[in-house]
Each structure stands twice: as structure tokens, then as C-alpha cells.
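# Coordinate analysis (summary)
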Amino acid sequence: MWIKKPIQYTMKTIDFNCDLGEGSGNDAAIMPFISSCNIACGGHAGDLTTMRKTVLLATAHQVKIGAHPSYPDPQNFGRKIIPMSLPDLTESLIHQIRTLENIAHHFGLKLHHIKLHGALYNQAAQEAEAARLIVDMMKKYFMQYTLYAPYPSVLSQIALKEGLQIKYEVFADRNYNADLSLVSRRFPYAVLLDHQKVLEHVERILKEGKVKTISGELVAIRADTLCVHGDNPEAVSLAATIYKKLKREGYFIR
């Protein structure tokens with residue numbers, strides 16, 4: 001007997017994340033538009049008070065909580081590679097993540113993911129030694145968490161080979177080089193501020209799976225999670241604009 005198969009509907013989903021707890025003062029205004037947040041945990045910014053406040057704020061908005069560790073360098077906001085031994089760096093990162101983890105546990109909550117910050121994010125994306133340090137740390141201490149990493153970074157490749165859960169991250173408010181590295185913040189065009197350009201950037205990434213680099217060429221890219229920076233001067237309005245765009249396009253933000 002012929003049995004009619006049920007219609008299969010494909011739900012478009014995307015995670016929309018933001019780096020928060022960094023002292024920008026935008027956290028409360030951004031939370032309603034995102035589905036996950038990366039909380040500074042004392043390396044480049046943040047302390048026990050800001051971590052607690054951000055965790056509770058995220059919970060109130062049903063936003064997933066992630067740790068945002070970095071080089072221990074608040075003076076440079078974690079945006080410089082700091083000379084230190086690999087064991088010392090590992091110890092610092094574990095301490096940062098554990099601190100946020102303990103705060104979450106105090107409120108009966110769990111972390112969802114880990115996303116590196118600044119110089120360490122870029123370094124691990126390109127250098128095997130730094131990537132291996134992160135993956136080894138995750139495997140030993142934080143295997144239960146998802147790692148946010150850029151596509152097709154060295155970090156993401158090693159993480160996948162070692163069985164880690166990853167989400168490919170793309171930045172809504174940053175320009176890219178041809179090798180898919182981020183344009184250095186030394187250049188004035190590194191950060192996107194114009195709403196229309198950001199929307200075009202996001203639409204191309206999600207609909208075509210490509211990003212337009214500063215050289216003008218289109219390069220293939222994958223996005224499981226889309227990020228807007230909390231310290232972007234236009235962060236609040238950009239978060240709202242992107243959120244509305246995603247909703248109009250039929251995306252389930254989670």
C-alpha cells in the first residue's frame with residue numbers, strides 16, 4: 001500500500017552571539033536580540049561582579065552563556081600576543097573559564113560554549129601550536145562545551161579531528177582578508193559601522209555562503225553563529241537591525 005510521506009520542512013537556524021561583560025555598558029540593551037553571549041572572565045576585562053551581573057542578565061533573556069577567555073592582559077584589552085609559557089597560558093585560561101563556570105553553577109546554570117578573545121582568537125585560528133594548546137585544554141577540562149571558531153581555521157580543523165563540538169563563527173561587523181583572517185584593527189576599515197553594509201555582508205554570508213573580502217573577491221565561508229561586538233560604537237542598533245533582518249528572512253535564532 002502506498003503511504004504518503006510527511007512533508008519535510010527545513011527550519012533555517014542561526015545562533016546570534018555577542019561579546020559582553022566587557023564594560024561597554026551595552027549589555028542590557030543588546031541581550032533581547034541575541035541567543036548566546038560570550039562573557040569576559042577576567043583576562044582582558046571583567047571581574048566577579050560583572051560576571052555575576054552578565055550571567056543573571058543572560059538568564060533573564062534566555063541567552064546561552066559562554067566563557068570569553070583571553071591573554072591575561074587588561075591593559076591592552078587582550079588584543080596583543082603576550083610572551084608567556086604555554087603552561088602559564090593554559091593555567092590562566094583554565095582559571096578564567098573555571099571562575100565563570102563556578103559563578104554559573106552557583107546560580108544552578110551551565111556554560112554552553114567557549115570562545116577565545118582578541119589576539120588569542122586570531123593566533124589560534126592561524127597557528128598550530130596555539131590551536132593545539134586550546135584543543136588539549138578543552139579535551140582535558142572542558143570537553144562538554146562547544147568551541148566557537150572561525151572557518152576554516154587551524155583551530156577548527158584540529159578541534160574536529162579531536163572530536164570537539166564546534167560552531168563556525170562569522171563576524172557581522174568585521175571586514176575579512178582573502179585568507180579569511182580578520183582585517184587588523186590597526187586599519188580604520190577593520191570594523192563595519194554602516195548598517196546597510198553590515199546587512200549586505202550578513203545576507204551574502206547566509207544566502208550565498210560567501211564573504212566579500214577587502215580585495216573585492218568572494219570567498220566561501222560557513223556560519224553556524226554570527227557575532228556582533230559589544231564594544232562596537234553601533235552595537236545596540238546593529239544588533240537590533242541584524243535581529244530584525246534575520247527574522248524577516250525566516251531564521252530561527254537560537
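Residue numbers restart at each chain and count upward from 1, following the sequence in its written direction. Since the coordinates come from a predicted model, pLDDT governs what is reported: local features require at least 70, and pairs of side-chain atoms require 80 or more to be given and counted, while whole-chain, interface and lining totals use all residues. To obtain the side-chain values, all non-hydrogen atoms of the structure were used and water was disregarded.

### Thoughts on the pattern of salt bridges
One side chain can pair with another of opposite charge once the charged atoms of both are near each other. Salt bridge, as applied in this entry: a Lys or Arg side-chain nitrogen positioned within 4 Å of an Asp or Glu carboxyl oxygen. Applying the stated criterion across every chain, the model contains 12 salt bridges. Among the salt bridges present, the one from Arg79 reaches Asp231, with a minimum N-O distance of 2.9 Å. Of this pair, Arg79 sits in the loop between β3 (64-68) and α3 (86-106) while Asp231 sits in the loop between β9 (225-229) and α8 (235-248), and the two are 152 residues apart along the sequence. For Arg79, a relative accessible area of 32% translates into the label partly exposed. Starting at the N terminus, helices and strands are each numbered in turn, a helix being any DSSP run of H or I of at least four residues and a strand any DSSP run of E of at least two. Here the term buried applies to any residue with accessible area under 20% of the maximum for its type, exposed to any over 50%, and partly exposed to those in between, with areas from a 1.4 Å probe on protein chains only.

### Observations concerning a nonpolar patch on the surface
Here a patch means residues that are over 30% exposed by relative accessible area and free of salt bridges, tied together within 9 Å if like-charged and within 5 Å if nonpolar (Val, Leu, Ile, Met, Phe, Trp, Tyr). With residues, only the protein chains shown are counted as cover, and all accessible areas are computed by Shrake-Rupley using a 1.4 Å probe. On the surface, Phe187, Tyr189 and Ile214 cluster together to form a nonpolar patch covering roughly 270 Å² of accessible area. Structurally, Ile214 can be placed in the loop between β7 (210-212) and β8 (218-220). The class for Ile214 is partly exposed, based on a relative accessible area of 43%.

### Looking at the pairing of strand β2 (residues 36-40)
Taken across its five residues, β2 has five buried, putting it largely inside the fold. Because side chains alternate across β2, one face comprises the buried residues Ser36, Asn38 and Ala40, and the other comprises Cys37 and Ile39, equally buried. Here a strand pair is declared whenever DSSP counts at least two bridges between the two strands. Pairing between strand β1 (residues 13-20) and β2: four bridges, direction parallel. Bridge assignment links Cys18 to a residue of β2, and that residue is Cys37. With five bridges joining them, β2 and β3 adopt parallel strand pairing. Residue Ser36 lies in a different strand from β3, and its bridge partner there is Lys64. A crossover counts as right-handed when, viewed with the strands pointing away from the observer, the path leading from the first strand over the helix to the second turns clockwise. Chirality of the crossover, the property in question, places the unit of β2, helix α2 (residues 48-60) and β3 among those that are right-handed.

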